[in-house]
Amino acid sequence: PQHYSLGWRVVREAERIGRTDSTTVMHHGGASPGGSAFLLVVPDGGVAVAVLTNLSMRSAHARPLRGLTYAIVGLFESELSRANGGSP
């Protein structure tokens, strides 16, 4: 009844992945009974991370899912930056 389809949030949140430039970040998250997911993509960095859990988003344990995903992307993003001779 909701007629919901895949949607993306496109934001400039470079600081959340440890960068100082204006990196574009795209993400989408969701939940269903008994599970939660969050997908974060940094197109310019060639990085994408998906985190899945068997916890409902209403669970206190699943609430940090978005922050955890950003932290993981930040690890890869800084490695890519160093490999390309740039600074994070």
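Please refer to the structure placed before this passage.
A brief report on the enclosed structure follows. Keep in mind that what you see is a predicted model, and the values were worked out from it rather than measured.

Quick notes on the rules
- Residues numbered from 1 in each chain as written.
- Predicted model: local features only at pLDDT ≥ 70, side-chain atom pairs only at ≥ 80, totals over all residues.
- Heavy atoms only, no water.
- Helix = DSSP H or I, 4+ residues; strand = E, 2+ residues; numbered from the N terminus.
- Buried < 20%, exposed > 50% of the residue type's maximum accessible area, 1.4 Å probe, protein only.
- Contact = heavy atoms within 4.5 Å.
- Pairing = 2+ DSSP bridges.

Side note on the overall build of the protein
Phase 1: The number of helices and strands found in the protein is one helix and four strands.
Phase 2: Tracing the protein from N to C terminus, the helices and strands come up as β-β-β-β-α.
Phase 3: Scored against the burial criterion, the 88 residues of the protein give a buried share of 32%.
Phase 4: For the protein, contacts bridging at least 24 residues in sequence account for 34% of all contacts bridging at least 6.

Quick look at the pairing of strand 4 (residues 47-53)
Residues in a regular strand project their side chains so that they alternate between the two faces of the sheet.
Phase 1: Relative to strand 4, strand 3 (residues 35-42) runs antiparallel, the two sharing seven bridges. If you follow V42 over to strand 4, its bridge partner there is V47.
Phase 2: Hairpin connection of strand 3 to strand 4: four residues between the antiparallel strands, including G46 at a positive phi of 65 degrees.

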